Amino acid sequence: MSELINKNYQRWLNSKDVPEEDKALLLKMNENEKADAFYKDVEFGTAGMRGIIGPGTNRMNYFTIRKATVAFAIYLLEVFNNAQEMGVVIAHDNRHFSREFTLVSAEILNDFGIKAYIFDALRPTPELSFAVRKMGACGGIMITASHNPKEYNGYKVYDETGCQLVPSKIQRLLDILGDLPCETDVTYQKCETLGETITLSKDIDDEYVKLVEDISLNRDLDKSNFKIVFTPNHGTSFVPAMRIFKDLGYDIYPLESQSTPDPDFSGTLSPNPEDERSFIEPIKYAKEIGAKLIVMTDPDGDRCGLACLNQKGEYEMFTGNQSAAMLMDYLFTIRQERGLLAPDGVMYYTIVTSPLGEKIASSFGLKVEAFLTGFKFIGNRIDYYEKHGGPTFEFGYEESYGCLIAPFARDKDGLQAITLYSEMANYYDKKGMSLDMVWDMIGKKYGYYLDVCYNLPFFGPEGAQKMKDILNNLRNDVFIEINGNKVIKVEDYLLSVSKTLKQEQPIDLPKSDVIKLFFKDGSTICVRPSGTEPKVKLYFSVNDKRKDVLDEKLQNLYLGLKKALNL
C-alpha cells in the first residue's frame, strides 16, 4: 500500500468524527478496496462529483459532500454580494443517501447565512435547472449519480443561469476546494445570522410541467391507437411525466415495476438508457399490451431512451445520435413550414456527436457550433448569446441520449425529450410510418451514418495511469493508418490545436485531454477519458451512401485502433 493511501486510511480510521459503522467497513476492506477508496480525492469531472457511496477520500459520503458544500458556499459569497439572500436551490434523485446529502448541504449553506431552497421529495435535474432560474438563486446543487449503478451517488453544481459550472467558473471553486483541509478536518465559523431552509411550493412543478407541454408542435394530433410504455427507471421523472402525458392526451402505460423511487433499482438490470438491458422489461410489457413506442428517462430525468415497434413487428432501440437526428428533421421541418425557424437559428452539439446532426441543421440554413463533452458548454453558450443579441437557440444535444428543445432549463431535459419523441412517433404513425422507416428516410436524405461508442474500463491508481498512457501514446503518433485508411486531420483538445500534415490551426475551446482523428473516407474516431467514471471512451463514426457497408467499415476502424494502441 502506498504511503498516501495508508495515510488517508489511517486518518479516517482514527478520526473521532468518522462513525463507528464506517470504521467497521474500513476494517473489512482488502488491499485493493483500500487503494481504490483512498488513492485520491473524489474529483469534479465533466458532470460534477460522482463516485461510489462509502467511506474514503475517493467516495461519496457525508465528509466529501460537506467539504464540497463548504467550498461552494465560500465561492458563492465571493462571486455574489447578495448570495445569502439569493439562495441556492437543491434537488435530489432516488439514490441511497440522496435526501441526507441534500439536507446536509442545506444545513451547511445555512451556516454560511445562505438561504437554501429544497423540494419535498425527489425531482428531475432539468427541473432543478429551471427552479434556479425561476427563484433568482445564485446557484444550484443536484444530488444525483445520473445513470450510474446503484452503488454510486453524485453532486453537481449550477450557476445563477441554471447551467452547470463551466471551467472558467469552476476553477475558482476547485482552488477553494484544494485549499481546504482534508475532508475529515474541515471546519468553519458559523455566520451570526443563519440562513433559512425553505421547501419550494408546488407552483414550481406546475410551471415547469406547463412549459414542457407548451413545446408541443402538434398538440391536437389524434392519439388513438398509439399506446406508449413509459419507465422512469425508478427515478425522478415518474410524477411530472405522467402529468404531461395525461394532459396531452396520450394513451400511456407506465411500467409499474420500475415506477417506484427504489434506490436499489430492483426492477431493472440497468438504469442507463444507453444499456440495452434497460429495455428488457419495457419490451416485455410493450409486447403484452401491443404498444407502438417505449420511452424512458434515466434516474435523474435528463436523458431519454427510445424504442419503437418496427415494420418487422419487433421492438427496435435507437441511439442518442439516431433519435436526435430524427427529432431535428421533424422539428426543423415543422418550424420551417410554420415560419417558426429563426433566421439566425443555431444548433449546438458536441465533438463526440455524430456529424449527421450538423448535416441536418445546415440543410435548414441553421448555424452549428460544437463543444467539448458536457451539456454545460451548451447551456453556457445559450446564456451568452441571449445577452449578446443572438444567434437564436433552436436545438442542442449530445450523443449520450440528452437533448434540449426549449431553453427554460439550461441542462439536457428528458421530460422535454420524451414529450417530443412521443409526438414525433405518433405523427409518423398517423402517416403509416414506424420510426425505423423514418430512420431509413433520414439515411436516404442525408446519407447513412453509424456512430458507436466503446468503453474501456480501468480501475484504481494503475488504471488512471493507463488511461493517461493511452492518450499520450496516441498523441505521439496521431497520423496513423488503420487498415489502409489514413488520418488526414487531428484535433488535440489538450494542446488546443487542429493539424494536418501541412498546417496547424488553434482550437478555441477549453483544454481537455481528448483527441479526434479524421480519416480520408470521412470517418472519425474520438478518444477521451470519461469525466465521471474510470474508463476511456472511444467514439467511432462512419458514413456512406450505402448502409450495407457501414458495419464492415466500423469493424475495420475499431480493430485497427485497438491494434495501433496495443489494447
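Heads up: the structure comes first, above all this text.
Scope of this entry: the structure provided in the associated data block. From a predicted model like this one, the values you see are computed outputs, not experimental measurements. (Residues numbered from 1 in each chain as written. Predicted model: local features only at pLDDT ≥ 70, side-chain atom pairs only at ≥ 80, totals over all residues. Heavy atoms only, no water.)

1. Some remarks on the packing of helix α4 (residues 62-79) against helix α6 (residues 98-111)
Part 1 of the reasoning: It is at 9 Å that the axes of α4 and α6 come closest, and there the two elements cross at 35 degrees. The handedness of the crossing between α4 and α6 comes out as right-handed. Between α4, through Y62, I65, R66, T69, V70 and A73, and α6, the contact on the second element is made entirely by F101, V104, S105, I108 and L109.
Part 2 of the reasoning: When its residues are assigned to classes, the contact of α4 with α6 shows 8 nonpolar, 2 polar and 1 charged. (Axes fitted to C-alpha atoms, helices over the stretch in contact; angles between N-to-C directions. Helix = DSSP H or I, 4+ residues; strand = E, 2+ residues; numbered from the N terminus. Left-handed = near helix turned anticlockwise from the far one by under 90°. Contact = heavy atoms within 4.5 Å. Nonpolar A, V, L, I, M, F, W, Y, C, P; charged D, E, K, R; others polar.)

2. Considerations on unusual backbone geometry
Part 1 of the reasoning: Cis rather than trans, the peptide bond between G390 and P391 has omega equal to 10 degrees.
Part 2 of the reasoning: Phi is positive for S496, close to 55 degrees, though the residue is something other than glycine.
Part 3 of the reasoning: Topologically, S496 is positioned in the loop between β19 (485-492) and β20 (497-499).

3. Looking at the nonpolar core
Part 1 of the reasoning: Within the largest apolar cluster, 92 residues are counted, with the highest numbers of intra-cluster contacts made by L327, F332, F395 and L435.
Part 2 of the reasoning: Non-local contacts of L327, meaning those with residues more than four positions away in its chain, are made with F395, C403, I405, L420, Y421 and M424. (Core = buried A, V, L, I, M, F, W, Y, C linked by side-chain atoms within 4.5 Å. Buried < 20%, exposed > 50% of the residue type's maximum accessible area, 1.4 Å probe, protein only.)

4. Overview of the packing of aromatic side chains
Part 1 of the reasoning: Counted under the stated rule, the structure contains 25 aromatic pairs.
Part 2 of the reasoning: Between the aromatic rings of Y62 and F63, the centroid separation amounts to 5.2 Å while the plane-to-plane angle is 80 degrees, which identifies the pairing as edge-to-face.
Part 3 of the reasoning: Here the aromatic cluster, defined as three or more aromatic residues joined through ring pairs, consists of Y9, W12, F38, Y62 and F63.
Part 4 of the reasoning: Positioned above the aromatic ring of Y250, the side-chain terminus of K223 is 5.1 Å from the ring centre.
Part 5 of the reasoning: We note K489 situated over the ring of F518; from NZ or CZ to the ring centre the distance is 4.4 Å. (Phe/Tyr/Trp six-rings, centres within 6.5 Å; stacked < 30°, edge-to-face > 60°. Lys NZ or Arg CZ within 6 Å of the ring centre and 35° of its normal.)

5. Points about helix α9 (residues 203-213)
Part 1 of the reasoning: Residues of α9 that are buried include every one of I204, D205, Y208, V209, V212 and E213, and no others. The buried residues of α9 occupy an angular sector of 160 degrees when projected down its axis, which confines them to one face.
Part 2 of the reasoning: On its buried side, α9 packs onto α7 (125-135), α10 (238-247) and α15 (414-429). (Arc of directions from axis to C-beta.)

6. Quick word on the sheet that holds strand β9 (residues 251-254)
Part 1 of the reasoning: The mixed open sheet is built from 5 strands, whose spatial order is β9-β8-β10-β11-β12. At either end of the open sheet lies a strand with only one pairing partner, and these are β9 and β12 (315-318). Averaged over neighbouring strand pairs, the angle between their axes works out to 25 degrees when direction is ignored.
Part 2 of the reasoning: Bridge count between strand β10 (residues 293-297) and strand β11 (residues 304-309): 5 bridges; the pairing is antiparallel. By the bridge assignment, T297 is partnered in β11 with C304.
Part 3 of the reasoning: Across the sheet, helix α12 (residues 320-337) is in contact with β11 and β12; its angle to β12 comes to roughly 90 degrees. (Pairing = 2+ DSSP bridges.)

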